[in-house]
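# Report on the structure
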Amino acid sequence: MRVVSVSVRNFRSYEAAAAPLGGGLTVLWGPNGVGKTNLLEAIYFGCTGRSCRTGNDRELVRFGEQTTRVEVAAQDDLGPHRLTVGFTPGDPKRMTVDGAQVERLLDVPQRPLVSVFLPDRLELIKGVPALRRAHLDQFVTALWPARAATRRAYAQALAQRNALIARLRAGTTTPAALDAWDRQLAAAALALMADRREAVEITRDSFSDVCRRLGLDGAPEITYRPRSRATTPDHLIDELRDRLPADVERGFTDHGPHRDDIAITREGRPLRTYGSQGQQRLALLALLLAERRVIGTRRPAVPLMLLDDVMSELDRERRAALVELLAEGGGQALITTTDLDHIPGVFAAGVARIAVADGQLVEDVTPEPVGS
Ligand SMILES: Nc1ncnc2c1ncn2[C@@H]1O[C@H](COP(=O)(O)OP(=O)(O)O)[C@@H](O)[C@H]1O
Ligand SMILES: [Mg+2]
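Computed from a predicted model, the values in this text were never measured in an experiment.

### Considering the domain arrangement of the protein
When the parts come together, some accessible area is lost, and that loss is often what is quoted as the size of the interface. Looking at the protein, the domain boundaries give domain 1 (1-113 + 300-372) and domain 2 (122-298). Taking only C-alpha atoms, the centre of domain 1 and the centre of domain 2 are 30 Å apart. The interface of domain 1 with domain 2 comprises 22 residues on the first partner and 17 residues on the second. Summed over both sides, the interface of domain 1 with domain 2 buries roughly 1600 Å², with 61% coming from carbon and sulfur. In terms of surface lost to domain 2, no three residues of domain 1 exceed Met305, Arg318 and Leu325, which account for 34% of the buried area on that side. Put simply, Glu328 and Arg213 hold a salt bridge, and the shortest N to O gap is 2.6 Å. At the surface where domain 1 touches domain 2, the tally comes to 7 residue pairs in polar contact (both at pLDDT 80 or more). For the side of domain 1 that touches domain 2, the secondary-structure elements that each account for two or more residues are β12 (304-307) and α9 (316-327). Looking at the side of domain 1 that touches domain 2, the element that brings in the most residues is α9, giving 6 residues. Residue composition of the side of domain 1 that touches domain 2, grouped by class: 14 nonpolar, 2 polar and 6 charged.

Encoded structure:
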């Protein structure tokens, strides 16, 4: 699946604009504040039905307008596809794929996979475990779409168990009522843990390799850190039983894969607490690139990678390494920059350049500077 073009209407700073994407690298450039990140966000919104910057979709509607709309044209072996996302504050979001309305774009198999690097996303390395769990679960779903059902089954069983814990606490039921739920919960938990473990395992080597190429030394590693040591559902049921009094006291279930984490380490220590900002940034880039590589070898398409403002923070060798890594596996990537000089090979054949100026997107207008 390749994204061919994006067009937007009343999306953030854009009244109406459209741009084609290259088959490989597309460079979106212009001075600060012209709308580069807005366009990157629009592409993400058009492919997923969500913003990568805000949980409040109202922010996306251009000031003074009622409705925003993004349309993505894509292409796969079967032919062209059209995705649209429309949003009017107060109304449910309207999303369509090839003309048919869909509830959740994320569940649609014929949508382009996207992976996004934004400065805020450093939270994935630095922030709370819940962020890494959610990211890992999205990666699992990108790899094996059918396994999204496992995570849903676990979430449902957990919610039921927590409701029963609340009743136990209130004295309106007995521990025996938990038996059936614990059985379901444990089965779903073990399946979920197996998916997560496998996803991390198949990404480990790529992660270390990409780190090395991006010049992040100290033997960086990612490791799945399940909360439970259980290797069978019965084992987890025993663990839950042991913790039942504490759970009742607390009012919810405190043990199980909803407390998992991924350890991202360098020299054996968590980058989350000991890494410099620069090391954390490289680790995030490496994680996203490694995941993209793994997905590319197992799924029919490599995810479109959206990178916002990444080059200004990297030195020359790392910029070159990043461009090289992005080209591997043949997927699409979009990079925003204020400065074309920050992108090695920006004038190479196959690199698309789009300039943002006056709220418009202008394709490939820069002549190659003489003598460079
Ligand atoms: N809903 C909106 N309506 C109109 N303009 C917006 C909206 N949201 C953000 N903007 C404007 O977008 C501009 C920033 O665009 P952005 O894409 O972040 O710039 P950059 O090119 O530096 O990445 C700001 O001037 C901001 O006021
Ligand atoms: Mg920006």
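### Considering the nonpolar core
By size, the foremost hydrophobic cluster in this structure holds 53 residues, and its most contacted members are Phe207, Leu214, Ile264, Leu322 and Leu326. Sort the elements by how many residues they give to this core and helix α8 (residues 277-298) lands first, with 11 residues. For this core, the two domains that each supply at least three residues are domain 1 (1-113 + 300-372) and domain 2 (122-298). Setting aside anything within four residues of it in sequence, one finds Leu322 in contact with Leu214, Leu285, Leu289, Val310, Met311 and Leu314. In this structure, Val8, Tyr14, Val34 and Val114 belong to the second largest nonpolar core, which totals 39 residues.

### With respect to the sheet that holds strand β7 (residues 100-102)
Spatial strand order, β2-β1-β4-β5-β6-β7: 6 strands in an open sheet with antiparallel pairing. Only two strands of the sheet have a single partner each, and these edge strands are β2 (14-20) and β7. The sheet shows a mean angle of 20 degrees between the axes of neighbouring strands, taken without regard to direction. Helix α1 (residues 36-48) rests against β1 (2-11), β2, β4 (68-76) and β5 (79-87) of the sheet, and its axis sits at about 110 degrees to β1.

About the thresholds
Residues numbered from 1 in each chain as written. Chains lettered and ligands numbered in written order. Predicted model: local features only at pLDDT ≥ 70, side-chain atom pairs only at ≥ 80, totals over all residues. Heavy atoms only, no water. Domains from an automatic or database assignment. Contact = heavy atoms within 4.5 Å. Buried area = accessible area lost by both parts, 1.4 Å probe. Salt bridge = Lys/Arg side-chain N within 4 Å of Asp/Glu carboxyl O. Polar contact = N/O pair within 3.5 Å; in protein donor to acceptor, adjacent residues only side chain to side chain. Helix = DSSP H or I, 4+ residues; strand = E, 2+ residues; numbered from the N terminus. Nonpolar A, V, L, I, M, F, W, Y, C, P; charged D, E, K, R; others polar. Core = buried A, V, L, I, M, F, W, Y, C linked by side-chain atoms within 4.5 Å. Buried < 20%, exposed > 50% of the residue type's maximum accessible area, 1.4 Å probe, protein only. Pairing = 2+ DSSP bridges. Axes fitted to C-alpha atoms, helices over the stretch in contact; angles between N-to-C directions.

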